[in-house]
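# Inside the fold
Here are the chains, one letter per residue:
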Amino acid sequence: ADLERSFNSIGLALSSSLELDKTLKLIADLASDVLRSPHAMVALQQKDPDSLSVMATRGVELDPLVIPLNHSLAGKIWRERKPTCVTDLDTAPVMVPPHIPGGDIRSAVAAPILTDSSILGVISVYSQQVGFFDDDDARLLAAFARHAAAAIENAHLYESQMAARSKILNYATQLSILHNIGLSLNRQTDQQKLLEQILEGAMGLTSAGVGTMCLLKDGQPELTSVSDASWVEARCQLGDGAPALHQ
């Protein structure tokens, strides 16, 4: 009953965080608390199919923040997709442990972060004591990792939704700018003001801080440069390149 209440609390804590970085740090902290050790790490696969990227840690130093799938405990978990407990890392020399400030890692437990259809990464917890973890700890971490997988998927979904929302808002802003440019073209009779309004609209569409518009003037080889209000008009001959602008 106590364990069930603890996992309910963990589920609530993870579901309350929707930002991916904060979610991953929370996962590392909670894994450390659940397994009673101050050293934990969360690694996910990013672009490189042959390694995992360390996304969050607690009491662990890693440089670089990349774990090869070969010769590592995380790689073993990734391949086998089941939790593993190593009671003495000296007996597993091919598994290179991370560094703990002020001491050496002597034992470890790790579990895959699994969804219904895929593996996202690995959670590892470490100790400076030989035999600190056992198979019950491995099963416990595996159960925790299932909660972590759901939280990571929720954070990914939230970020995707925010990116889509931002894209829609940007598109709506661009449509509004184009509409206003169209109105200006129909209403403005002063050529200089018309050019300035067109330029301002183009700058708004591209989020530019400074803009220049060059036109052929009266069929002659001369370019008239029109910029935003903080810049003055400049002229150049064709072939001279961009005009120099002065405040």
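A brief structural summary. (Residues numbered from 1 in each chain as written. Predicted model: local features only at pLDDT ≥ 70, side-chain atom pairs only at ≥ 80, totals over all residues. Heavy atoms only, no water.)

### Things to note about the side chain of His39
The topology assignment puts His39 in strand β1 (residues 39-44). Within the local environment of His39, its side chain forms a polar contact with the backbone oxygen of Gly59, the two atoms lying 2.8 Å apart. Setting aside its immediate chain neighbours within four residues, His39 contacts Ser32, Arg58, Gly59, Val60, Ile100, Ser124, Val125, Tyr126 and Gln128. (Helix = DSSP H or I, 4+ residues; strand = E, 2+ residues; numbered from the N terminus. Polar contact = N/O pair within 3.5 Å; in protein donor to acceptor, adjacent residues only side chain to side chain. Contact = heavy atoms within 4.5 Å.)

### A closer look at the sheet that holds strand β2 (residues 51-58)
Pairing is antiparallel in the open sheet, where six strands are placed in the order β3-β2-β1-β6-β5-β4. Each end of this open sheet is capped by a strand with a single partner; those strands are β3 (66-68) and β4 (84-86). Ignoring which end each strand starts from, the neighbouring axes of this sheet average 25 degrees apart. In terms of strand pairing, β1 meets strand β6 (residues 119-127) through six bridges, oriented antiparallel. Its bridge partner being in β6, Ala40 is matched across the sheet by Val125. The strands touched by helix α2 (residues 20-34) within the sheet are β1, β2 and β6, with β2 carrying the most contacts at an inclination of about 70 degrees. Across the face of the sheet, helix α3 (residues 73-80) comes into contact with β2, β3, β4, β5 (107-114) and β6 while running at roughly 140 degrees to β6. (Pairing = 2+ DSSP bridges. Axes fitted to C-alpha atoms, helices over the stretch in contact; angles between N-to-C directions.)

### Looking at the pattern of salt bridges
Tallied over the full model, the rule gives nine salt bridges. Across the pair Arg58 and Asp29 runs a salt bridge whose closest N-O atoms are separated by 3.7 Å. Of this pair, Arg58 sits in strand β2 while Asp29 is found in helix α2, placing the two residues 29 residues apart along the sequence. By relative accessible area, which is 29% here, Arg58 ends up partly exposed. Salt-bridge contacts for Asp90 lead to Arg106; the nearest nitrogen and oxygen are separated by 3.0 Å. Of the two residues, Asp90 is situated in the loop between β4 and β5 and Arg106 in the loop between β4 and β5; the sequence distance between them amounts to 16 residues. Exposure remark for Asp90: the relative accessible area of 56% places this residue in the exposed category. (Salt bridge = Lys/Arg side-chain N within 4 Å of Asp/Glu carboxyl O. Buried < 20%, exposed > 50% of the residue type's maximum accessible area, 1.4 Å probe, protein only.)

Without other data, these values stay purely geometric and don't point to any function.
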